[in-house]
Amino acid sequence: MSAPATTAKDAAGAVDLAARGRKLGLLMTLPAQLLLVFIFAFPALMQIYISLTWWTPGDGTIWIYAYESFVWFDNYVELITSERLWEPIGRTMLILIVVVPVEFVIGFGLAVLFVDSFPGKRVFYSILLTPMMVVPAVAGYMFFMLFQSNGPINQILSLLTGTDVELVWLGDTTLAMIAVMIADIWQWTPLMFLILLAGILGVPEDQLKAATLLGANWGQKFWRIVLPRMRTVIIIAIVIRAVEAFKLFDVMYVMTKGGPGVATETISIYIYKLFKQLEWSYLAAVDLSILIALSVIAVIGMTLMAKAKQKRAGDVVD
Amino acid sequence: MSSIELVNLTKRFGDLVAVNELNLEIKDKEFVALLGPSGCGKTTTMNLIAGIENPDGGEVRFDGKNVGSVPLRKRGVGFVFQNYAIFTHMTTYKNLSFALEVRGLPRDEIDRRVHEIAKLLDLEDRLPVPAARLGVNEMQRLGIGRSAIANPQIFLLDEPLSNLDAAFRAVMRTELKHLQHQLGQTMVYVTHDQLEAMTMADRIAVMDMGVLQQYGTPLEVYNRPRNLFVARFMGSPSMNLLYCRLTESDGGRALDFDESGRVELHDEALLKQCASARNADLYFGMRPEDVELSPVTGDRGGLAMTVTFVEHIGARTIVHLRSAGHEVKAIERNDFDVDIGAPMEVSPKPGAGWLFDAATEIALGAG
Amino acid sequence: MTNNRALNEIGRYALILLAVVIAMVPIAWMASMAFKPVEEWTMSAGELTWWPRNPTFGNFEYIFTGQTEAVIISLDRTAVGPVIASLVTALFGTVIAVTVGTLGAYAVSRFKVGGNLPLSVLQLRLFPPMAVMIPVMIMWTYLGMIDTWWGLSLIYGIVTLPFAFWLMMTFFDEVPREIEEAALVEGCSPWRAFYRVTLPMVKAPLATTCLFVFILNWSDFLIALLLTTKDWVTIPVFMNELFTAMTGPMYGAKAALGLIAAIPPVVFGIIIQKHLVRGLTFGALKQ
Amino acid sequence: MAKLELRGVTKTYGKTVGVANIDLTVEDNEFFCIFGPPSTGKSTILRLFLGLETPDSGEVCIGGEVVNGRLPAERDLAMVFQNLALFPHMTAGENLAFPLAERKTPKAERERRVNEVADKLHIGPLLNKIPAHLSGGERQRVAIGRALVRDSNALLMDEPISALDARLREEMRVELKRLQREMHRTLVYVTHDQEEAMSVADRLCIIRDGGIAQIGTPQEIYNAPNSRYVAEVIGAPPMNFIAGAIGEGGAFSADGLDLALTFKTNGAAGPGDVGVRPEDIVIEREAPGGHAVAATIYEVEPLGGFTVVALSVGDSVLRAQITGQPQFTLGEPVHLSLALDKCHLFASADGARIATGATG
């Protein structure tokens, strides 16, 4: 009785909404895709090419002729064997392992204090966020001044301990590392505080009220409702901080330039030095290894977050 | 078990008075509905009873004892939230056992009671399932079970049926009523749906702007509304309210509806109401099903109106009529039909009619 | 019952005040140093002063005009250039990142195109800029973009693209589909529906994203250190240079410049405080 | 104004079926109502007409012309969405003028039409307010105004008044019906409120899982449902069903119930159900002659205007709807009799209606 059913494809000879939308969509993502190719694809190929040679800008030839000094995987071999690379990685990991947990604990403690409202809450909240907003290089310089041997920190310590404290913070290897960690904790604890507070406040109000009405006290509510619901937030906070820690450069460089010696030389500072010494082919190999390592971490982090988010999305009633 | 008394209960949010000097007495094992439009203070009243909100004035008493100082945790009140507030990160079993676990009861007793309540609410096979994956209807029953398991004396429900689809809502109305008889608890039920209140409640407290308008059995509130607000709010379609003036003429009383006509009063009940009328300006209230429609003959002493619209809605037909200053809706059986524009005579069925003082909006018969 | 609640309150305030003091000390010290005259720059431990005995604007005058009577050596270059450089590059970097990011975010949010775009953009965010410096250096020198404002702005635009992209995507996801469909039905093409309806609706979130990305670009040090030499050196890099062999670090001058550099991000940060969580966690978490 | 048609249209979203092989015609200038329980494909039909969805197969026609490939903008339809979809950053006046502005209508003409629609919907004073400052009812009128401001081919509405409170809904449905008549528009109206559907529709289309169960006037659908499904979804409280068996010659017998009903069935036999609406059941206290059946009162629900009385008869429960407020006590023995001409016989197998009207 009706005309022969025509399939959507030919009936939609003209372009239908979905197709038109996709066309517009592809057009709109073009700039982003171009930028990504410009910063990802081309550089990656270039780095792979250079990393297989002994080319350095100092040779007088431009990088395209690097093939003259093909050494295949020598750079990678040296990279793995020489401890010169593993030390900075070790130091960065050390900073990571100390700094992130401390920031987490302080951040969580502060977040718990800010759960219910009290007079002045908004003002204190803004003040506690300011360290995170300060330009890292400037923060580095602040702590450079504070940690001078005749600086305020020594003075405060003298006051507290009654003795005359004259620690040479930036001159001594272990003290410098502690100073650098303090600076990082000072700057990035507010980030933990911000994320964890959002996590706690993200717990649906009604579920907390329901728990109280069912007879749960403060502790039971915290362990049975707040904490389990915050697993995803805690993962997010730690993954973000861990990734940031890999990029530590500004504060360290301004405070100690990686010194004294190589005491506070993070992976980024080590790469910067290699860059300045124009050992670009070896550096290309180092960069690629880091890129691969971090991509693996990124994928793991992403799947963790996606799985957690998907689980949260499963909360129908939320 | 426990009765509830609200004495001069008052709650303010800034300069908005959410609950204004509310006095209400709910007997033990009674099912009371707090009914009113959104923002009338019914949910705030429930929160005051539960202890989620603290009153600015007056008292909440359980069995005569003021519970103002009893913390939320210890009031032993069951509460079902409008969106159920299920612990979506736990399984159905864990939701049900929560109340008992926080009281530190032994494991085997918890297990027994969880299975008992699950069977009662037909959730037995859903116990291991994560609560987030339950359907809306199951979640609603879980919300009730989670509180009921601790056998609270008082059970408060905040519009629990509003998220359900129409068919299942009718089923849940009867199921909730039977559950209340079975558990034998005092139940306070907040809703804006007057049909729900009529079918489930033993008594209805109609509220508006934080003030109690009327408190009585469903039929009392429906048949003898205390004021214009209750008259308009109850019933679907709502009561017809026609402005008129009471006139005396040679011994008989009549209601003058200006151009729509005059109606002599012979009905005993109406005359008794007029006796207590303090001024002549009145509203004549007539439920749509109490309206008698007849072709214009002039001898029935009714109002002359014309049909403006006819709505066939299945079992009933709603006839819309209009005259110079008045609009009336009448309900007829399914097979009733009339052309738009046809003149009709509108008069109250015997015994129907409920008068209100136009100024104070209070029903004359309410006394 | 009430007294231990009072105790809680006191405990809470004490801890918060301690945290506030720790947060404020470094900033306060730099602020006070910025107003200290030369003689108070370096003090022997004994009489270190927290607040400048006789505060002066000398340091600001010094960094912006190159000399002030208290300091014998004059600067060969004033801080005016770097301040302009920081402003210009941060601004144009923001324009690039937000424009490209917004278009891409809308396309992915609405038309589910772009396949791996979201993931690859995120990856861009995760690894350190240092790891791309060699190719960037070679390309930028080849294209003559070293020490130019557009060179620096372009790299800033790319590095902060992930933030703009993900932030705008969360805001676009919150725009109800029906509103756009209403525009389509009333006569708009998909582009006009975006331009006339969706974009105006996200004006406030767009401003927030701009501020957020501006803070990130303004705070950069490493990229500017590598890609600029003289003309377009930004404030952090210039601060690093304020170190002459003779007098050692010019504390007061650097503190003054540091103060100027710190103000914009702190102010903007507080303005967009509500959306910080969303930005930093890529929309995984909303306030 | 134009006729809207779907010819053999199917639309699926991955595994879930939106609509399956639907044939539907909306006549010009008709108030065509689509009714069905939530998420059974009603909105998909509107989205197919609007072009927001493209059918997997079949043709969408407006005014006889196949428009499958056309963009929504080129179909010249007007739509009121369930959440109204007003442009939040524009004032009510700008919302109303938007369709005309998009179609490059000259300014003077735009203003004239906007004011004309504003007067008709009494939203004149609201024109310079933004939607956030309007009440639910006012926002709803502005959305309708935006759809009426242009002479579109047809007007589509997706449950436009479901968000309003009961009182306003009753008034709005009457006003919508009157507006549709005055402005001579073809209107396709989707709702899941069966009272609203019965009240407004010229013709009513009952949807079941993406397919059409029945199309007809509200009276036809109410009095002659073509299947048990339609009988159940239309009418509140819902129709009662008595399970039993149909013998030769159309005699219906249900076990545990001495009910003697014979239907004109042309030889169909086997399991069947008798359906009777609550208002077609009569309750008497004393036993009248004829075919009254003994029963006891199971439950009484006073609803003010009428009362729903549940009667337990044999092992099944029937609900009767009595006007007024009769007084019954639970468990009281009574007698019920059925309005024979209103009884329907359904085949248990496929639920199809076999006959209507029985003899005692």
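Rules behind the numbers
- The numbers attached to residues start from 1 for each chain and follow its sequence in the written order.
- To label them, take the chains in the order written and letter them from A, then take the ligands in the order written and number them from 1.
- Only residues with pLDDT of at least 70 are given local features in this predicted model, and only at 80 or more are side-chain atom pairs given and counted; all residues enter the totals for whole chains, interfaces and linings.
- The side-chain numbers reported here are obtained from all heavy atoms of the structure, hydrogens and water having been left aside.
- Helix numbers and strand numbers start at the N terminus; a helix is a DSSP run of H or I with at least 4 residues, a strand a run of E with at least 2.
- Note on method: radius of gyration uses C-alpha positions; expected globular size equals 2.2 Å times residues raised to 0.38.
- Relative accessibility decides the category of a residue: with a 1.4 Å probe and only protein chains considered, values under 20% of the type maximum give buried, values over 50% give exposed, and everything between is partly exposed.
- Note on contacts: a residue pair is in contact if any heavy atoms of the two residues lie within 4.5 Å.
- Here the Shrake-Rupley method, with its probe set to 1.4 Å, supplies the accessible areas, and only the displayed protein chains count as covering residues.
- Note on charges: Lys and Arg go in the positive column, Asp and Glu in the negative column, and His and the chain ends are not counted at all.
- For the purpose of locating charges, the reference atoms are NZ of Lys, CZ of Arg, CG of Asp and CD of Glu.
- Summed over both partners, buried area is the accessible surface (1.4 Å probe) that two parts give up on being assembled.
- Salt bridge, as applied in this entry: a Lys or Arg side-chain nitrogen positioned within 4 Å of an Asp or Glu carboxyl oxygen.
- Under the rule applied, a polar contact is a pair of N or O atoms within 3.5 Å (in protein, one hydrogen donor and one hydrogen acceptor; residues adjacent in sequence only if both atoms are side-chain atoms).
- Note on residue categories: nonpolar means Ala, Val, Leu, Ile, Met, Phe, Trp, Tyr, Cys or Pro, charged means Asp, Glu, Lys or Arg, and polar means any other residue, Gly included.
- Here a cavity means grid points, on a 1 Å grid over the protein atoms only, where a 1.4 Å probe fits yet cannot get out; a pocket means an open set of points with protein on both sides within 12 Å along at least five of seven lines; lining residues are those with an atom within 4 Å of a point.
- Grid points are joined across faces, edges and corners, and a volume is the space filled by probe spheres set on the points.
- Two rings belonging to Phe, Tyr or Trp (six-membered ring only in the last case) form a pair when the distance between their centres is within 6.5 Å. Interplanar angles under 30 degrees mark stacking, angles over 60 mark edge-to-face geometry, and anything in between is tilted.
- For two strands to count as paired, DSSP must find a minimum of two bridges between them.
- Interaxial angle, 0 to 180 degrees, is taken between N-to-C directions of lines fitted to C-alpha atoms, where a helix line uses only the stretch in contact.
- Small angles under 35 degrees read as roughly parallel and large ones over 145 as roughly antiparallel, with 65 to 115 read as roughly perpendicular and the rest as oblique.
- Residues enter a nonpolar core if they are buried and are Ala, Val, Leu, Ile, Met, Phe, Trp, Tyr or Cys, with the set joined through side-chain atoms within 4.5 Å.

## Focus on the overall build of chain C
Here is step 1: A count of helical and extended segments in chain C gives 13 helices and two strands.
Here is step 2: Against the compact-globule benchmark of 19 Å for 287 residues, chain C has a radius of gyration of 24 Å, which places it well outside the compact range.
Here is step 3: By the burial criterion, 60% of the 287 residues in chain C qualify as buried.
Here is step 4: Once local pairs closer than 6 in sequence are excluded, the contacts in chain C between residues at least 24 apart make up 68%.
Here is step 5: For chain C, the exposed area adds up to about 11200 Å²; of that, 70% sits on carbon and sulfur atoms.
Here is step 6: Within chain C, the 17 negative side-chain charges are centred at a point lying 10 Å from the centre of the 17 positive side-chain charges.

## Side note on the interface of chain C and chain A
Here is step 1: Tallying the contact residues gives 96 residues for chain C and 94 residues for chain A.
Here is step 2: Counting each side, the surface lost to burial between chain C and chain A is near 8400 Å², with a carbon and sulfur contribution of 81%.
Here is step 3: Taken together, the connections running from chain C to chain A amount to one salt bridge.
Here is step 4: Here chain C is connected to chain A by eight residue pairs in polar contact (both at pLDDT 80 or more).
Here is step 5: The element that contributes the greatest number of residues to the side of chain C that touches chain A is helix α1 (residues 2–34) of chain C, accounting for 16 residues.
Here is step 6: Here the side of chain C that touches chain A is built from residues that sort into 76 nonpolar, 16 polar and four charged.

## Thoughts on the pattern of salt bridges
Here is step 1: For the structure shown, the criterion picks out 52 salt bridges over all chains.
Here is step 2: With a shortest N-O distance of 2.7 Å, Arg47(D) and Glu181(C) are connected by a salt bridge. With one member in each of two chains, Arg47(D) in helix α1 (residues 42–50) and Glu181(C) in helix α7 (residues 177–185) form a pair that bridges those chains.
Here is step 3: For Arg47(D), a relative accessible area of 21% puts it in the partly exposed group.
Here is step 4: Ionic pairing is found between Arg113(D) and Asp151(D), a salt bridge with its closest N-O pair at 2.8 Å.

## A few points about empty space enclosed by the protein
Here is step 1: Per the counting criterion, the structure on display carries 10 cavities of 30 Å³ or more.
Here is step 2: If you add up the space inside the largest cavity, you get close to 990 Å³.
Here is step 3: The wall of the largest cavity is formed by 43 residues, among which Pro136(A), Trp188(A), Glu244(A), Lys247(A) and Leu216(C) lie closest to the centre.
Here is step 4: Per-element accounting of the lining of the largest cavity gives the leading share, six residues, to helix α6 (residues 149–173) of chain C.
Here is step 5: Looking at the lining of the largest cavity residue by residue, the class counts come to 32 nonpolar, four polar and seven charged.

## A short note on the environment of Ala263(A)
Here is step 1: Of note, Ala263(A) is situated in the loop between α12 (250–256) and α13 (267–276).
Here is step 2: For Ala263(A), the contacting residues outside a window of four places in its chain are Arg91(A), Thr173(A), Met177(A) and Gly258(A).

## Digging into the packing of aromatic side chains
Here is step 1: In this structure the tally under the stated criterion is 49 aromatic pairs over all chains.
Here is step 2: Measuring from centroid to centroid gives 4.8 Å for Phe87(B) and Phe98(B), while their planes differ by 55°, and the two rings are tilted. Pair noted here: Phe87(B) is in the loop between β6 (77–80) and α2 (92–102) and Phe98(B) is in helix α2, with a separation of 11 residues, a long-range link. The same class applies to Phe87(B) as to Phe98(B), namely buried.
Here is step 3: Ring geometry for Phe214(C) against Trp218(C): centres 5.8 Å apart, planes inclined by 25°, an arrangement best described as stacked. With Phe214(C) and Trp218(C) both in helix α9 (residues 203–218) and four residues apart, this pair spans about one turn of that helix.
Here is step 4: A relative accessible area of 8% places Phe214(C) in the buried class.
Here is step 5: Residue Trp218(C) is classed as buried on the basis of its relative accessible area, which comes to 6%.

## With respect to the environment of His192(B)
Residues and elements named next belong to chain B.
Here is step 1: On the secondary structure map, His192 appears in the loop between β8 (186–191) and α6 (194–200).
Here is step 2: With 85 residues separating them along the chain, His192 and Arg107 place their C-alpha atoms 41 Å apart.
Here is step 3: When neighbours within four sequence positions are excluded, His192 is seen to be in contact with Leu35, Gly36, Lys42, Glu159 and Phe233.
Here is step 4: Here Glu159 takes part through its side chain, which lies 2.6 Å from a polar atom of the side chain of His192.

## A look at the pairing of strand β12 (residues 252–256) of chain B
Residue and element names in this part refer to chain B.
Here is step 1: Alignment of strand β11 (residues 240–249) against β12, held across five bridges, turns out to be antiparallel. Bridging across to β12, Glu248 finds its partner in Arg253.
Here is step 2: Linking β12 to strand β13 (residues 262–265), which pair antiparallel, is a turn of five residues; within it Asp258 sits at a positive phi near 45°.

## Focus: the sheet that holds strand β20 (residues 354–357) of chain B
All names here are of chain B.
Here is step 1: The strand order across the open sheet formed by five strands is β13-β12-β11-β14-β20, and the pairing between neighbours is antiparallel. Whereas interior strands pair on both sides, the edge strands pair on one side only; in this sheet they are β13 and β20. Each strand axis lies, on average, 40° off the axis of its neighbour in the sheet, ignoring direction.
Here is step 2: Helix-sheet contacts for helix α9 (residues 268–275) involve β11, β12, β13, β14 (281–286) and β20, and the interaxial angle to β20 is about 15°.

## Quick notes on the side chain of Lys329(B)
Here is step 1: Tracing the chain through its elements places Lys329(B) in strand β18 (residues 327–333).
Here is step 2: Although buried, Lys329(B) forms no salt bridge, and the nearest oppositely charged side chain, Glu170(D), lies 4.3 Å from it.
Here is step 3: Not counting the four nearest positions on each side in its chain, Lys329(B) is found in contact with Pro237(B), Asn240(B), Pro288(B), Val291(B), Ile318(B), Val319(B), His320(B) and Glu170(D).

## Re the packing of α2(B) against helix α4 (residues 136–148) of chain B
Residues and elements named next belong to chain B.
Here is step 1: Relative orientation of the contacting elements α2 and α4 amounts to 30°, with a least axis distance of 7 Å. It follows from the interaxial angle that α2 and α4 lie roughly parallel. Contact with α2, carried on its side by Thr92, Asn95, Leu96 and Ala99, involves Leu142, Gly145 and Arg146 of α4 and no other residues of that element.
Here is step 2: Here the contact of α2 with α4 is built from residues that sort into three nonpolar, three polar and one charged.

## Focus on the nonpolar core
Side chains of a nonpolar character, in soluble globular proteins, are inclined to be buried together.
Here is step 1: Core analysis: the biggest nonpolar cluster contains 274 residues, and Phe114(A), Leu196(A) and Met234(B) have the highest contact counts within it.
Here is step 2: The residues touching Leu196(A), leaving out its near neighbours within four places in the chain, are Phe104(A), Gly107(A), Phe108(A), Ala111(A), Met230(A), Val233(A), Ile234(A) and Ala237(A).
Here is step 3: Counting 50 residues, the second-largest nonpolar core is a separate cluster that includes Ala92(D), Leu127(D), Met183(D) and Tyr189(D).

## Here's the deal with the pairing of strand β3 (residues 31–35) of chain B
Residue and element names in this part refer to chain B.
Here is step 1: When you tally the buried positions in β3, you get five out of five residues, the bulk of the element.
Here is step 2: Side chains Phe31, Ala33 and Leu35 of β3 all project onto a buried face; the interleaved residues Val32 and Leu34 project onto the opposite face, where all are buried too.
Here is step 3: In this structure, β3 lies alongside β8, joined through five bridges in parallel fashion. The partner of Leu35 across the bridge, within β8, is Thr191.

## Points about the layout of surface pockets
Here is step 1: The volume enclosed by the second largest pocket comes to roughly 1800 Å³.
Here is step 2: As for the second largest pocket, its lining consists of 39 residues, of which Asp116(A), Thr212(A), Trp218(A), Lys221(A) and Arg5(C) are closest to the centre.
Here is step 3: For the lining of the second largest pocket, the elements supplying multiple residues, two or more each, are α4 (83–113), α8 (173–201), α9 (205–213) and α10 (218–229) of chain A together with α1 of chain C.
Here is step 4: Per element, the largest residue contribution to the lining of the second largest pocket is seven residues, and it comes from α1(C).
Here is step 5: Split by residue class, the lining of the second largest pocket holds 18 nonpolar, 10 polar and 11 charged.

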